Amino acid sequence: MDQAFNVDDIAPIAVLIDELRSEEVQLRLNAIHSIPTIALALGPDRARNELIPFLQDSVDDEDEVLLALAEELGRNFEEYIGGPQYAYVLLGPLENLSAVEETLVRDKAAESIAKIAGVLSPLQVEEYYIPLLKRLSQGEWFTSRTSSAALYAPVYQKVSPALQEQLRKGFAALGADHTPMVRRAAARSLGGFVKTLSKQHVLTDGLPIYRRLHGDDQDSVRLLTVEDLITIAQQLTPQEIKEQLLKQIRVTVSDKSWRVRYMAATHFNELAEAVGVELVREELIGQYVQLLKDNEAEVRTAAAGQIPGFSKLLDREVILARIIPCVRDLSHDTSQHVRAALANQISGLAPLLGREATVENLLPLFLHLLKDEFPEVRLNVISKLQTVNGVIDIELLSGSLLPAILELAEDKSWRVRQAIIEYIPLLATQLGKPFFDEQLGNLCMSWLGDTVFSIREAATINLKKLTEVFGVEWARVAIVPKVMGMGQHPNYLYRMTTVQAIATISPSLTLPIIQSEIIGPLLQLAADPIPNIRFNVSKALEILATTCGSTAEGREFIQQKVVPALEQQKNDVDADVRYFSVRALQKALSVIGMSG
């Protein structure tokens, strides 16, 4: 009995050992993912005394297995070893994982250590975490020093002032490390660390570390300090920013490395908000214009993406005097990516400038960008036009933009055509029915016959939205006859579009229109030679049943027209038609209150 008990006792660990020694990576991965189950089987004491030491020695494996282990140990694993008071036991294996070569494993291990820090008591932090942090920070290999940078912030506020001083010195040492990888890690983690410091220590300790990293000879370190700059600025008053950080802001924007300038451009709005309106107007406008005129297209692209956000902080006159000339230049930029970024943002200036200035300064640029040779530029202008609609009179907009829109409606890029279709209901609302019928009615119908399915689908949704804008009576006269007429077309794609259009538009129509205009042609298509059309008719009939079932007349219509058609379809030779007709029939019968 004793012997049998012992065999059962050691089984979970033995199975884990066997699977971790397997030659198949997938088996080893599965074994790691099962360690919570094994810990449960062992119980807290044995999990602490046997499982964790075994895992601590299991760091010689494939990176993906080690990554899984680092992840599992950070998923509240302390619950399996006796609760938060024993969480420190997990620091052993994670410390080993923090020093491996693969960056992903180290990052995940550091993330798990930071999570464990959250459940440690101040005494445990002092007894177990701080020694671990010192060992990693002073490790012989750069890998462990790199991992240590992210581990200062989680415990800084949990320790005594004396230890806090040691932590500040320890982090400063990482910022001055001889290995660029360690300095990069320090720059990446500095923002988080600064947030935990008191205002006094931001000035006495945080700023010197930042300045050291900001002046680094490696651009890969300097570019990471842009976000640190923003974090530090958020902790300081405008006057302190002026005294302590203005030089660094200037240097960052004119850095010799385009990658640093690119980071500055990408985060420029955050920086502007952090430094305050006064400094923006005194200093940052010039820096921003410099980025908009940068000689690298990537930097201009990033800066163009910040235009409306930054302009919100400026007076209208300043936008017209300083920003608009740059916008004009960017609209003729040699790089399509710069023009695309501008096209995506330019409409955001309209509400800031007001009607007259928009008409005078922005409208010509819209028209110019709508004629750009690259589809993405045209697409970006169209997708943001509604911002302009609220500022410019619709007559003016339709007079100047409509020719461009009509041209783009036949654009060779189907994504541009799709964007135009999605813009049409908004345009229709503002143009009104007569103007729409005259200028855009035929265009909307022509899209139903497009060669690209996504366009035909978007065109049917567009018709539904237009019905909601102009009303059911307009749809009966302007849309329904044309849609139903396509049902007789020799090309099956047109007939398919009719069925899909019926399914989309029906919920917006009235029962009399469905009875008089739609059901007859739809039931003819139920006998179409193409199975795809027949099963789409089943789907459309299901939608009609759902739409019409709320009134007695509707239920009578379903009983007389929809149910018989579906009864016939459920015996179709095609399996798909049978499947969809049976499903639709069940729906129709449930709507009219019959079973079977």
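Residues numbered from 1 in each chain as written. Predicted model: local features only at pLDDT ≥ 70, side-chain atom pairs only at ≥ 80, totals over all residues. Heavy atoms only, no water.

An unreviewed UniProt entry annotates the protein as Protein phosphatase PP2A regulatory subunit A originating from Pisolithus microcarpus 441.

Novice: Just to check I follow, could you spell out the overall build of the protein for this structure?
Specialist: Counting secondary structure elements, the protein contains 40 helices and zero strands. The C-alpha atoms of the protein give 34 Å as radius of gyration, which overshoots the globular expectation for 596 residues (25 Å, by more than 25%). If you line up the protein on its principal axes, its C-alpha atoms span 85 × 85 × 40 Å. Here the protein, with 596 residues, has 52% of them falling under the buried criterion. Sequence-distant contacts, at least 24 apart, represent 69% of the contacts inside the protein between residues at least 6 apart. Of the roughly 27,000 Å² of accessible surface on the protein, 51% is carried by carbon and sulfur atoms. (Helix = DSSP H or I, 4+ residues; strand = E, 2+ residues; numbered from the N terminus. Rg over C-alpha atoms; globule rule 2.2 N^0.38 Å. Buried < 20%, exposed > 50% of the residue type's maximum accessible area, 1.4 Å probe, protein only. Contact = heavy atoms within 4.5 Å. Areas by Shrake-Rupley, 256 points an atom, 1.4 Å probe, with all protein chains shown as cover.)

Novice: Honestly, the packing of helix H36 (residues 492–505) against helix H37 (residues 511–525) in this entry has me stumped. Any pointers?
Specialist: Helix packing for two helices is described by the angle between their axes and how far apart those axes are. Packing of H36 against H37 brings their axes to within 11 Å, and their N-to-C directions diverge by 135°. Considering their axes alone, H36 and H37 lie oblique with respect to each other. Seen along the crossing, H36 lies across H37 with a hand that is left-handed. Two secondary-structure elements touch here, H36 through Arg495, Thr498, Val499 and Ile502 and H37 through Ile518, Leu522 and Leu525. Taken together, the residues that form the contact of H36 with H37 break down as five nonpolar, one polar and one charged. (Axes fitted to C-alpha atoms, helices over the stretch in contact; angles between N-to-C directions. Parallel < 35°, antiparallel > 145°, perpendicular 65-115°, else oblique. Left-handed = near helix turned anticlockwise from the far one by under 90°. Nonpolar A, V, L, I, M, F, W, Y, C, P; charged D, E, K, R; others polar.)

Novice: Please explain the side chain of Arg534 as it appears in this structure.
Specialist: For Arg534, the location among the structural elements is in helix H38 (residues 531–548). Look at Arg534 and you get buried, because its relative accessible area is 9%. In this view, Arg534 contacts Leu525, Ala526, Ala527, Asp528, Pro529, Gln569, Asp572, Val573, Asp574 and Val577; residues no more than four positions away in its chain are not counted.

Novice: Please clarify how the packing of aromatic side chains should be interpreted in this entry.
Specialist: In this structure the tally under the stated criterion is twelve aromatic pairs. Measuring from centroid to centroid gives 3.9 Å for Tyr88 and Tyr128, while their planes differ by 10°, and the two rings are stacked. Taken together, the positions of Tyr88 in the loop between helix H5 (63–73) and helix H6 (91–97) and Tyr128 in helix H8 (residues 122–137) put the pair 40 residues apart, joining distant regions of the chain. Under the relative-accessibility criterion, Tyr88 is labelled partly exposed at 23%. What links up through ring pairs into an aromatic cluster is the set Tyr152, Tyr156, Phe171 and Phe193. Lying over the aromatic face of Tyr86, Arg48 brings its terminal NZ or CZ to 3.7 Å of the ring centre. For Lys539, the ring lying beneath its charged end belongs to Phe580, and the centroid distance is 4.8 Å. (Phe/Tyr/Trp six-rings, centres within 6.5 Å; stacked < 30°, edge-to-face > 60°. Lys NZ or Arg CZ within 6 Å of the ring centre and 35° of its normal.)

Novice: Is there a simple way to explain the environment of Thr334 in this structure?
Specialist: Within the secondary structure, Thr334 is located in the loop between helix H23 (316–331) and helix H24 (336–345). Discounting chain neighbours no more than four positions away, the residues touching Thr334 are Arg300 and Arg339.

Novice: Hey, could you run me through the confidence of the model for the protein in this one?
Specialist: Parts of the model with low pLDDT should not have their predicted coordinates read in detail. The share of residues in the protein with pLDDT of 70 or more is 93%, and the mean pLDDT across the chain is 82. Across residues 1–9, where pLDDT falls below 50, the model places two contacts with residues more than four positions away in sequence or in other chains. (pLDDT = per-residue confidence, 0-100.)

Novice: Can you help me understand the environment of Asn571 in this one?
Specialist: Mapped onto the fold, Asn571 is located in the loop between helix H39 (552–569) and helix H40 (575–592). Among the residues examined, Asn571 registers a relative accessible area of 61% and is labelled exposed. In this structure the C-alpha to C-alpha distance between Asn571 and Val582, which are eleven residues apart in sequence, comes to 9.3 Å.

Novice: What exactly am I supposed to notice about the nonpolar core here?
Specialist: Within soluble globular proteins, side chains that are nonpolar generally end up buried alongside one another. Of all hydrophobic cores here, the largest spans 193 residues; its most connected members are Ile307, Phe310 and Trp447. The residues that make up this core include at least three from each of domain 1 (1–120) and domain 2 (393–468). Apart from residues no more than four positions distant in its own chain, Ile307 is found in contact with Tyr288, Leu292, Ile323, Val327, Leu330, Leu342 and Leu349. (Core = buried A, V, L, I, M, F, W, Y, C linked by side-chain atoms within 4.5 Å. Domains from an automatic or database assignment.)

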